[in-house]
Amino acid sequence: MKLNGSAFFILFLVIQSFAILTVAKDFDFFYFVQQWPASYCDSRRGCCYPKTGKPAEDFSIHGLWPNYKDGSYPSNCDSSNPFDDSKVSNLESVLQKQWPTLACPSGDGLKFWRHEWEKHGTCAESVFDERGYFEAALSLKKKANLLHALESAGIKPTDGKFHTMGQMKDAITKSVGYAPFIECNVDSSGYHQLYQVYQCVDASASNFIECPVFPHGRPCGNKVEFPSFSSASSHDEL
């Protein structure tokens, strides 16, 4: 069967539309996840400081993850749009400070950022492109300012001092307006440490919202340590 020019064009548009719908997965909200570097390093696997040196004593970005209200999530949605470091080249110095890698061996962050974009970012291409994904996460970190929220409530990074889970959640809720989910790790002494903070963000990746569902992360006991990172070893590897 031969197609005239008009029919061929319509068929082309239909195929393109189908391809876009196939790639652009629907989702309901984002988890914006930050981690506390001292707790990341004080675990069985340890950590390696990035090639740029030891990060500052501040929360660092783990990722911005599209999610569904039933607790499931899409992943690796578009293999045709792999991470391209040239698209974020003029953001790299900021990403290295705000989104550093602590995995071993020491890296420059590119592997970490590639993983986050390809697994999670490609599932929100209806909202932003690659650069927009990283810019959105950086903007949310600035809005949340978790360290300031905790320190304003008298919860400061200190070894050997414990706070209740309620105190930590209340400090962040008061500052941001919505309750977070806090995930803990357990150090070699068996103490619970503040490890990651999950906050929920609307589907435009612009505003914090009440979480439709909390993740199934590692729970915390009622007494939680907020360990110091500034007093950690200055070696490149822990």
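Just so we're clear, the structure is a prediction, and the values are computed from it rather than from any experiment. (Residues numbered from 1 in each chain as written. Predicted model: local features only at pLDDT ≥ 70, side-chain atom pairs only at ≥ 80, totals over all residues. Heavy atoms only, no water.)

## Some thoughts on the pairing of strand β1 (residues 29-35)
Taken residue by residue, a regular strand's side chains alternate between the two faces of the sheet.
Part 1 of the reasoning: The element β1 is extensively covered by neighbouring structure, given that 7 of its 7 residues are classed as buried.
Part 2 of the reasoning: By the alternation rule, side chains of β1 split into F29, Y31, V33 and Q35 and F30, F32 and Q34, which are all buried.
Part 3 of the reasoning: Pairing analysis gives 6 bridges linking β1 to strand β5 (residues 192-201), with the strands arranged antiparallel. Its bridge partner lying in β5, Q35 is registered against Q196. (Buried < 20%, exposed > 50% of the residue type's maximum accessible area, 1.4 Å probe, protein only. Helix = DSSP H or I, 4+ residues; strand = E, 2+ residues; numbered from the N terminus. Pairing = 2+ DSSP bridges.)

## Observations concerning the environment of D85
Part 1 of the reasoning: As for its placement among the helices and strands, D85 is situated in the loop between β2 (60-67) and α3 (92-98).
Part 2 of the reasoning: Taking relative accessible area as the criterion, D85 reaches 35% and is therefore assigned partly exposed.
Part 3 of the reasoning: Each C-alpha atom, one on D85 and one on E130, is 9.4 Å from the other, the two residues being 45 residues apart in sequence.
Part 4 of the reasoning: Those residues in contact with D85 that lie beyond four places of it in its chain are E92, L110 and E130. (Contact = heavy atoms within 4.5 Å.)

## Here we look at helix α4 (residues 110-119)
Counting along an α-helix, one turn takes 3.6 residues, and residues three or four places apart therefore face a common direction.
Part 1 of the reasoning: Those residues of α4 not exposed but buried are L110, F112, W113, E116 and W117. For α4, the angular spread of buried residues about the axis comes to 160°, placing them on one side.
Part 2 of the reasoning: In this structure, the buried side of α4 is in contact with β2, α3 and α5 (130-144). (Arc of directions from axis to C-beta.)

Just geometry here; none of it tells us what the structure is for.
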